[in-house]
Amino acid sequence: MIKSDIIAQANDAANAKLKADYDALGEALDRRGIDIAAIKSKVAKYGVAVPSWGVGTGGTRFARFPGTGEPRDIFDKLDDCGVIHQLTRATPSVSLHFPWDAQPAADLNSKAEEVGLTFDAMNSNTFQDQENQQYSYKFGSLSHTDAATRQQAIDHNIACIALGREIGSKALTIWVGDGSNFPGQTNFTRQFERYLEATRQVYNALPEDWTLLTEHKMYEPAFYSTVVQDWGTNLLIAQQMGDKAKCLVDLGHHAPNVNIEMIVARLTQFGKLGGFHFNDSKYGDDDLDTGSIDPYRLFLVFNELVEAENNPDFNPMHMLDQSHNVTDPIESLMVSATEVQRAYAQALLVDRTVLEGFQESNDALMATTTLKHGFRTDVEPILAMARLEAGGAIDPVAAYRASNYRAQVSAIRPQVSGAGGGIV
Ligand SMILES: [Mn+2]
């Protein structure tokens with residue numbers, strides 16, 4: 001963790017300017033009938049989970065260029081996640097991936113307590129073969145033609161639930177790479193029937209207060225067809241399973257230009273929106289940093305989420321899911337968590353009564369202008385003040401760089417090989 005005097009020193013240098021900016025924004029919002037303190041209080045409570053795999057340097061199918069001081073295991077990863085939350089106060093939980101992060105529950109719990117974090121959704125992994133694994137997932141897992149392979153995938157998911165219960169998790173996220181690479185390779189219907197039957201067995205093993213999140217993805221690693229390829233199939237799965245099953249929307253897992261905010265609205269309307277994986281993309285599933293390419297789309301997604309906020313049953317999970325190829329992952333995750341909070345704060349500023357009036361009277365221009373007014377507002381002083389009051393950093397990246405954390409952990413974490421590709 002970072003020494004508190006380093007954070008205090010960085011904050012002291014920025015405090016006067018922040019107070020002036022916050023007061024000025026407070027006055028401007030007051031003229032719009034908005035209480036800045038109420039927005040700040042909502043932002044302060046808004047957390048997004050960090051994926052354990054996100055703190056390692058990612059890569060592509062072609063290569064990976066590791067940074068220095070990369071985490072060696074889940075305990076190093078939790079240290080890095082602890083720093084992200086310490087500075088941003090926006091990432092109180094970590095989502096684990098199994099078996100990558102498999103360790104005794106007692107050790108995971110004590111490390112999480114040490115760094116001030118809790119555990120979010122469990123993520124199973126049946127998209128690659130593990131050492132000593134009896135059956136290969138080369139041709140699928142939960143939808144494999146071979147019953148013993150399907151059973152192995154079912155057992156792995158149930159083992160994830162068992163470990164998750166011991167570390168306070170309340171959800172299992174399933175994403176499978178199952179699909180096909182050639183037309184005719186599989187029978188779409190029979191493959192999906194096998195998937196549903198296998199997933200049903202995982203669903204039946206869920207504790208009462210757990211949620212099963214299924215994640216759709218249009219393509220990759222299967223490039224011709226994917227078993228859970230879009231939100232329609234994902235919704236069918238959630239409907240077939242039951243009340244504890246909901247859909248997870250990964251922003252990158254759609255065709256370019258798809259109206260994701262409308263998918264969010266549809267799933268919300270029918271009580272099936274379970275959670276998000278935030279990232280950004282330009283061409284495909286690029287796994288770029290949240291808000292780095294199209295912050296307006298992120299805002300429009302949050303516009304739908306704020307719209308649904310008054311429903312007491314509406315409580316989707318939020319996680320970052322991105323790959324950091326050229327940046328320090330800690331810095332990217334801190335900025336991305338802030339971008340999530342920014343989109344949320346901007347969406348909170350939209351005057352929904354006025355917007356509804358323009359919608360009802362078919363005033364398209366004023367309706368879209370009303371929406372955009374929220375997006376155009378610079379809410380940074382609200383985010384920074386929320387961080388400061390929670391003990392975080394006004395400028396998380398500046399405080400992180402001042403701390404020399406990466407250089408310090410590099411001294412105890414040996415450099416890893418850059419050989420081999422693959423997103424990590
Ligand atoms: Mn994802």
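Residues numbered from 1 in each chain as written. Predicted model: local features only at pLDDT ≥ 70, side-chain atom pairs only at ≥ 80, totals over all residues.

A. Geometry of the UniProt feature "domain: Xylose isomerase-like TIM barrel" (unreviewed entry) in the protein. The feature "domain: Xylose isomerase-like TIM barrel" (unreviewed entry), as given by UniProt, occupies residues 93-287 in the numbering adopted here. Within the segment residues 93-287, helix and strand shares are 35% and 18% respectively, and the terminal C-alpha atoms sit 20 Å apart. (UniProt positions renumbered as here; feature names shortened; annotations may be inferred. Helix = DSSP H or I, 4+ residues; strand = E, 2+ residues; numbered from the N terminus.)

B. Representation of the nonpolar core within the structure. In this structure, Ile-84, Val-249, Phe-302, Ala-347 and Ile-382 are the most contacted members of the largest nonpolar core, which totals 95 residues. For this core, the leading source of residues is helix α10 (residues 329-348), giving ten residues. Once residues within four sequence positions are removed from consideration, Val-249 is found in contact with Trp-231, Ile-260, Ile-263, Val-264 and Phe-276. (Core = buried A, V, L, I, M, F, W, Y, C linked by C-beta atoms within 7 Å. Buried ≥ 20, exposed ≤ 12 C-beta atoms within 10 Å, placed from the backbone. Contact = placed C-beta atoms within 7 Å.)

C. Region of interest: the packing of α10 against helix α14 (residues 396-403). For the pair α10 and α14, the least separation of the axes is 10 Å and the interaxial angle reads 160°. One finds that α10 runs roughly antiparallel with respect to α14. The interaxial crossing formed by α10 with α14 has right-handed handedness. Between α10 and α14, the contacting residues are Ile-330, Glu-331, Met-334 and Val-335 on the first element and Pro-396, Val-397 and Tyr-400 on the second. (Axes fitted to C-alpha atoms, helices over the stretch in contact; angles between N-to-C directions. Parallel < 35°, antiparallel > 145°, perpendicular 65-115°, else oblique. Left-handed = near helix turned anticlockwise from the far one by under 90°.)

D. Quick peek at the environment of Glu-309. Along the chain, the position of Glu-309 falls in the loop between α9 (295-308) and β10 (317-320). Considered as a pair, Glu-309 and Gly-82 are 227 residues apart in the sequence and their alpha carbons are 28 Å apart.

E. The arrangement of the environment of Ser-281 in detail. With respect to the helices and strands, Ser-281 occurs in the loop between β9 (273-278) and α9. Here the alpha-carbon distance between Ser-281 and Val-176, two residues 105 residues apart in the chain, equals 21 Å. Among residues more than four places away in sequence, those in contact with Ser-281 are Gly-252, Asp-286, Leu-288 and Ile-293.

F. Layout of helix α13 (residues 380-389). Burial within α13 is extensive, with seven of its ten residues counted as buried. Restricting attention to buried positions, one finds in α13 the residues Pro-381, Ile-382, Leu-383, Ala-384, Met-385, Ala-386 and Arg-387. At the exit of α13 stands Gly-391, carrying a positive phi of roughly 95°.

G. View of the packing of α9 against α10. Interhelical geometry of α9 versus α10 gives an angle of 60° and a closest axis separation of 8 Å. Here α9 lies oblique to α10, going by the angle between them. When the axes of α9 and α10 are compared, the crossing they make is right-handed. When α9 is examined against α10, the residues Pro-295, Leu-298, Phe-299, Phe-302, Asn-303, Leu-305 and Val-306 are found in contact with a partner set consisting of Glu-339, Ala-343, Tyr-344, Gln-346, Ala-347 and Leu-348. Split by residue class, the contact of α9 with α10 holds ten nonpolar, two polar and one charged. (Nonpolar A, V, L, I, M, F, W, Y, C, P; charged D, E, K, R; others polar.)

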